[in-house]
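Coordinate inspection notes
So you can see what is in the structure, the chains are spelled out below.
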Amino acid sequence: VTSDILISQALAFLVVLVLGGLCWILFGRKNIVLDKMTATQQLWFDEPDFQPSHWLMDDAGSAAIAVNDSEEIALVSTIGQNYVTRRLPAGAVVTHDGAQLIISLPDHTFRKIAIKASSEADAGTWAKRLSGKTPTIVREN
Amino acid sequence: MELPNIGAYAVLFFVGLIIVEMIAVRVVGRGRYETKDTFASLTMGVGNSIVAAAGGSLLVYFGLGWVYQYRLIETIPVSWWAVLICFVAQDFAFYWFHRTAHEMRWFWASHVIHHSSQHYNLSAALRQTWTGQVTLSFMFYLPLAFIGFPPEMIIFVSLANLLYQFWIHTELIGRLGPLEWILNTPSHHRVHHGTNPRYLDANYAGTLIIWDKIFGTFIPESSDEKPRFGIIKNLKTFNPVMIALHEWIGIAKDLAGARSLKEVGGYLFGPPGWSPDGSRMTSSMIKERWESSQAASAESLLVESDQTTEK
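A brief look at the structure comes next. This one's a predicted model, so the numbers in the text were calculated from it and none came from an experiment.

Procedures and definitions
Residues numbered from 1 in each chain as written. Chains lettered and ligands numbered in written order. Predicted model: local features only at pLDDT ≥ 70, side-chain atom pairs only at ≥ 80, totals over all residues. Heavy atoms only, no water. Helix = DSSP H or I, 4+ residues; strand = E, 2+ residues; numbered from the N terminus. Rg over C-alpha atoms; globule rule 2.2 N^0.38 Å. Contact = heavy atoms within 4.5 Å. Buried area = accessible area lost by both parts, 1.4 Å probe. Salt bridge = Lys/Arg side-chain N within 4 Å of Asp/Glu carboxyl O. Polar contact = N/O pair within 3.5 Å; in protein donor to acceptor, adjacent residues only side chain to side chain. Nonpolar A, V, L, I, M, F, W, Y, C, P; charged D, E, K, R; others polar. Core = buried A, V, L, I, M, F, W, Y, C linked by side-chain atoms within 4.5 Å. Buried < 20%, exposed > 50% of the residue type's maximum accessible area, 1.4 Å probe, protein only. Axes fitted to C-alpha atoms, helices over the stretch in contact; angles between N-to-C directions. Parallel < 35°, antiparallel > 145°, perpendicular 65-115°, else oblique. Left-handed = near helix turned anticlockwise from the far one by under 90°. 1 Å grid on protein atoms, 1.4 Å probe; cavity = no way out; pocket = protein on both sides within 12 Å on 5 of 7 lines; lining within 4 Å. Points joined across faces, edges and corners; volume = space filled by probe spheres on them. Phe/Tyr/Trp six-rings, centres within 6.5 Å; stacked < 30°, edge-to-face > 60°. Pairing = 2+ DSSP bridges. Expected span 1.5 Å × (residues − 1).

Remarks on the overall build of chain A
The number of helices and strands found in chain A is three helices and seven strands. Of the regular secondary structure in chain A, the N- to C-terminal order runs α-α-β-β-β-β-β-β-β-α. Its C-alpha atoms give chain A a radius of gyration of 20 Å, clearly above 14 Å, the size a compact globule of 141 residues would have. Counting only C-alpha atoms, chain A reaches 60 × 45 × 30 Å along its principal axes.

What follows is the structure in structure tokens.
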């Protein structure tokens, strides 16, 4: 019985490889590119209360940071051919490496976002701007 | 009458239809497939079958068998009419299991996996939980064994129901006329997978959509609004282990910060998105926010048209 189960599971993995391969042949492995209009639409859907007023768009089109008039922050990122959005959570760490702005989130479903700014100075300015904006959750007792 | 082993044919059915759908999507251009997402979904499906083979199915079988000892009806024969009644009864139990799986985080932590793809295709139908047995979700079917339906029959109709639900995970098929009145269809189930506020908490049916119509959870697909698939907070990963466990990790993090038994209860058995201070959104809160924004815009339109009439 055990060997039958092992054989059937091995076959199942083979089927996954075959179907995944067919999918790759038919649809490729293209990643989507994020532009400002799409990022705005994503935010409008996921965070309808958030009205972005400033943007930092990644040069490669993989992510964006949005700021609203209250200086709250939202993030939009690509994942394959789709998008994921989050409000900047409490405990996020913002650093920059040259022109690359890196935000590490305490969220196991959205760990990191890297955005290439136009220059190192620009990334530094954004890092400073975002560092003070990781909100603290206020809990009622 | 002997119950056929439909599980043996299921894999061929799944693989065959997925290949047909992939080619059709490529040719027709309706629906979407993505390689990484497909790999993730299919791996989740294989993981689900590994868990079942490793003992999950036995747990369910023994659970049903134990209750069956105390059955109300001594002998229900394995006949076509008994199978039909058992199927309808199981579908009714499935409705309540499925509804609870969306309304209680304990069950949602396992069921969320099935909703975690932003694609809606036949591969996503196989994106199944690895932790279903941990939640003891088979409890919903114990009343069937208590009535007197043999465990083999309950398992058979459950598999038949799952098999039925497979083909409705597609964007290729539009509406199916009068069948939409009684059966769960691709259109009805697209609504169920939609994260648009108007589509939240709807269409929990397995095979028969009548349960949603009876219990007030039915929402038809609107031609004005295409469902947007996924979950409220979509995942930025294709890692199957993270997909399988992410909500459990979330629960563990929340429990670590819980300050009272009430909070522990809320995090475990409250609705997904529940928080002690209301700082997170549950689906009903999202729906309420959407409904009030709709009402506000309707009101402003009314005022505008009144002003135009006065002029």
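Focus: the interface of chain A and chain B
Interfaces are often sized by the accessible area lost when the parts come together. Chain A puts 44 residues into the contact, and the matching count from chain B is 45 residues. When the two sides are added together, the surface that chain A and chain B hide from each other amounts to roughly 3,800 Å², 60% of it contributed by carbon and sulfur. With a shortest N-O distance of 2.9 Å, Arg-228 of chain B and Asp-46 of chain A are connected by a salt bridge. Taken together, chain A and chain B are joined by 16 residue pairs in polar contact (both at pLDDT 80 or more). Elements that contribute at least two residues to the side of chain A that touches chain B include exactly helix 1 (2-27), helix 2 (36-46), strand 3 (73-79) and strand 4 (82-87) of chain A. Split into classes, the residues belonging to the side of chain A that touches chain B amount to 21 nonpolar, 14 polar and nine charged.

Topic: the nonpolar core
Counting residues in each nonpolar core, the largest one holds 25 residues, and the members touching the most others are Leu-64, Tyr-141, Phe-149 and Ile-154 of chain B. Elements supplying a minimum of two residues to this core: helix 2 (35-68), helix 3 (80-103), helix 6 (142-147) and helix 7 (151-167) of chain B. Once residues lying within four places of it in the same chain are set aside, the contact partners of Ile-154 of chain B are Leu-64, Cys-86, Tyr-141, Leu-144, Ala-145 and Phe-149 of chain B. Counting residues in hydrophobic clusters, the runner-up holds 22 residues, among them Leu-56, Val-94, Ala-117 and Leu-130 of chain A.

A short note on the packing of helix 4 (residues 105-115) of chain B against helix 11 (residues 240-257) of chain B
Packed helix pairs are specified by the crossing angle of their axes together with the interaxial distance, meaning the distance between the axes. All names here are of chain B. Between helix 4 and helix 11, the shortest axis-to-axis distance is 6 Å and the interhelical angle comes to 150°. The orientation of helix 4 relative to helix 11 falls into the category roughly antiparallel. As helix 4 runs across helix 11, the sense of the crossing is right-handed. Counted together, Arg-105, Trp-106, Trp-108, Ala-109, Ser-110, Val-112 and Ile-113 of helix 4 and Ile-243, Ala-244, His-246, Glu-247, Trp-248, Gly-250, Ile-251 and Asp-254 of helix 11 form the full contact between these two elements. In terms of residue class, the contact of helix 4 with helix 11 is built from nine nonpolar, three polar and three charged.

Quick look at empty space enclosed by the protein
Per the counting criterion, the structure on display carries two cavities of 30 Å³ or more. Around the largest cavity, the lining is made up of 14 residues, and of these Asp-37, Ser-116, Gln-118, Leu-235 and Phe-238 of chain B lie nearest the centre. Its residues assigned to classes, the lining of the largest cavity comprises four nonpolar, seven polar and three charged. Each pocket or cavity is described by its volume, and for the second largest cavity that value is around 50 Å³. Along its surface, the second largest cavity is lined by Gly-28, Arg-29, Lys-30, Asn-31, Gly-80 and Gln-81 of chain A together with Glu-34, Thr-35 and Lys-36 of chain B. Its residues assigned to classes, the lining of the second largest cavity comprises no nonpolar, five polar and four charged.

Section: unusual backbone geometry
Unlike most non-glycine residues, Glu-71 of chain A shows phi in positive territory, near 65°. Considering the arrangement of structural elements, one finds Glu-71 of chain A in the loop between strand 2 (63-68) and strand 3. Classification of Glu-71 of chain A by relative accessible area gives partly exposed; the value is 26%. Positive phi, close to 60°, is recorded for Leu-136 of chain B, a residue that is not glycine. Looking at Leu-136 of chain B, the relative accessible area reads 37%, which means it is partly exposed.

Examining the pattern of salt bridges
Any two side chains of opposite charge can pair if their charged atoms end up close together. Considering all chains together, one arrives at 16 salt bridges over all chains under this definition. The salt bridge partner of Asp-107 of chain A is Arg-86 of chain A, with a shortest N-O separation of 2.9 Å. Residue Asp-107 of chain A is located in the loop between strand 6 (100-104) and strand 7 (112-116), and its partner Arg-86 of chain A is located in strand 4; the two are separated by 21 residues in the primary sequence. Residue classification places Arg-86 of chain A among the buried residues on the basis of a relative accessible area of 3%. Each of the salt bridges in this network shares a partner with another, and the network as a whole consists of Arg-105, Glu-247, Asp-254 and Arg-280 of chain B.

Focus: the packing of aromatic side chains
The final tally for this structure, using the stated rule, is 20 aromatic pairs over all chains. Considering the side-chain rings of Phe-27 of chain A and Tyr-33 of chain B, the 5.6 Å spacing of their centres and the 20° angle between planes classify their relative orientation as stacked. Within this pair, whereas Phe-27 of chain A is found in helix 1, its partner Tyr-33 of chain B is found in the loop between helix 1 (6-28) and helix 2, the two belonging to separate chains. Note on accessibility: Phe-27 of chain A and Tyr-33 of chain B belong to one class, buried. Relative to Phe-269 of chain B, the ring of Trp-106 of chain B lies with its centre 6.2 Å away and its plane at 50°, an arrangement referred to as tilted. With Trp-106 of chain B in helix 4 and Phe-269 of chain B in helix 12 (residues 261-269), this residue pair connects regions lying 163 residues apart in the sequence. Overall, the relative accessible area of 22% leaves Trp-106 of chain B in the partly exposed class.

Remarks on the pairing of strand 1 (residues 52-57) of chain A
Residue and element names in this part refer to chain A. Two strands pair when backbone bridges link them, and strand 1 and strand 2 are joined in this way by five bridges, in the antiparallel orientation. Bridging across to strand 2, Pro-52 finds its partner in Asn-68. Counting the residues between successive antiparallel strands, the hairpin from strand 1 to strand 2 contains five residues, one of them, Gly-61, with a positive phi of roughly 75°.

Considerations on helix 1 of chain A
Relative to the 38 Å expected for 26 residues at 1.5 Å per residue, helix 1 of chain A spans 37 Å between its end C-alpha atoms, a close match to the ideal helical length. For helix 1 of chain A, the complete set of buried residues consists of Gln-9, Val-16, Leu-19, Gly-20, Cys-23, Leu-26 and Phe-27 of chain A. At its buried positions, helix 1 of chain A is contacted by helix 1 and helix 2 of chain B. Gly-28 of chain A lies just past helix 1 of chain A and shows a positive phi near 70°.

Observations concerning the sheet that holds strand 6 of chain A
Residue and element names in this part refer to chain A. The three strands are arranged 5-6-7 in an open sheet whose pairing can be described as antiparallel. Edge positions in the sheet fall to strand 5 (93-97) and strand 7, since each has one partner strand and no second. Taking the axes of each pair of neighbouring strands and ignoring which way they run, one obtains an average angle of 20° across the sheet. In the sheet, strand 6 pairs with strand 7 via five bridges, with the strands oriented antiparallel. By the bridge assignment, Ile-102 is partnered in strand 7 with Ala-114. Along the sheet, helix 3 (residues 120-131) makes contact with strand 5 and strand 6, crossing strand 5 at roughly 170°.

So far we have only geometry, and geometry alone does not tell us how the molecule works.
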